[in-house]
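One letter stands for each residue in the lines below.
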Amino acid sequence: MHSRDELILATGTLNNPPLDTLLLACVAVGYTGLSIWPVDVAAWRADGTTDSEARARIEGAGLNVPQVECLFRWPQAGSAEAAAEEAEVFEVAANLGSQIVSILSPGNDRYSEAQLTEAMAGICERAASRGFDIALEVAPWKGPVDLAMAVRIICGTGHSTARLVIDSWHMYRGQSAFDDLRAIPAGRVAAIQLSDAPAVRARPEFFDETMTARLLPGDGDYDLDAFLSALDLNADGVPVTVEVLSDDMRALSPAEAAIRTAEATRKTLAAHAARSA
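First, a word on what this report is: a plain description of the structure on this page. (Residues numbered from 1 in each chain as written. Predicted model: local features only at pLDDT ≥ 70, side-chain atom pairs only at ≥ 80, totals over all residues. Heavy atoms only, no water.)

Looking at the element boundaries, R182 is found in helix α8 (residues 178–182). Considering only alpha carbons, one finds R182 and N234, 52 residues apart in sequence, at a separation of 7.2 Å. Apart from the residues lying within four places of it in its own chain, the contact partners of R182 are A230 and N234. Within the structure, the side chain of R182 is placed 2.5 Å from the side chain of D179, a separation counted as a polar contact. (Helix = DSSP H or I, 4+ residues; strand = E, 2+ residues; numbered from the N terminus. Contact = heavy atoms within 4.5 Å. Polar contact = N/O pair within 3.5 Å; in protein donor to acceptor, adjacent residues only side chain to side chain.)

Below, the structure is given as structure tokens:
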């Protein structure tokens, strides 16, 4: 069962605020960890904070950084661009003590399933030497990789550290079936990201809506209870990451956005726990 107390915050939910502002907002409402992007670290470095100092301040606040997002160019195996991106993200993950580096499913069908499997296997091998798991975040609305293909890819790598990030927004907009969620092999879910969505799209473009119009858990039309139930067996003990990328949240102060997201998520998880008892 998913914990109502152990909540991870995706920093984009609070519009990637300065480190001290981020920590104050998270601690006040009981977030326990952060899912960050290299852009966060770049901003902290620009403010004069080294990675080791940032890690000390995060851990001093009682938080950790279980996940660093995200590799986009990973299917371009062997390219200078993919290598540079990987080096940057791996450095951030190592410096902040992260356990998971995520990679995002591609937005076109330029690469075959076999090519994606081979590329992910290579990343998993390199990540294993650094102590990371690699987790493929599946976004079926944006490209050819649906949940079933994602499972084949991670299993095909031959690495037990090849896992999945399951985001409720992507599952809803990608029309993923709950049976497909239940079919994920045990132990292969690395992270669960939670937000909600309206049945009728709020923006004409999928990408724009994804980055600006997500709803608080419980405020939309997705059956989050069924979503969580489908993951209960295969993701037992995996904490929930709150990722409400929303212009409405960004218009609030980080402190207020942290309060609203934590309250809505805990209410959703409490209702799910009560129905599952």
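Structure shown, so let's carry the discussion forward.
Another aspect to go through is the pattern of salt bridges. Taken as a whole and judged by the stated rule, the model has 16 salt bridges. R152 is paired through a salt bridge with E113; the nearest N and O atoms lie 2.9 Å apart. Pair noted here: R152 is in helix α6 (residues 147–156) and E113 is in helix α5 (residues 113–128), with a separation of 39 residues, a long-range link. The class for R152 is partly exposed, based on a relative accessible area of 43%. Linking D225 and R275 is a salt bridge whose minimum nitrogen-to-oxygen distance equals 3.2 Å. With D225 in helix α10 (residues 224–232) and R275 in helix α12 (residues 254–276), the pair connects residues that are 50 residues apart, well separated along the chain. A cluster of three or more residues bridged by salt bridges with shared partners is formed by R203, D208, D247 and R250. (Salt bridge = Lys/Arg side-chain N within 4 Å of Asp/Glu carboxyl O. Buried < 20%, exposed > 50% of the residue type's maximum accessible area, 1.4 Å probe, protein only.)

Looking now at unusual backbone geometry. Following E69, the chain continues to C70 via a peptide bond in cis, the omega torsion being 5°. In this structure, C70 sits in strand β3 (residues 64–71). If you check the backbone angles, N15 has positive phi at about 65° while not being a glycine. Within the secondary structure, N15 sits in the loop between β1 (7–10) and α1 (19–29). Here N15 falls in the partly exposed class, since its relative accessible area comes to 43%. Backbone geometry places Q175, a non-glycine residue, at a positive phi of 55°. Structurally, the position occupied by Q175 is in the loop between α7 (168–173) and α8. Overall, Q175 belongs to the exposed group, its relative accessible area being 72%.

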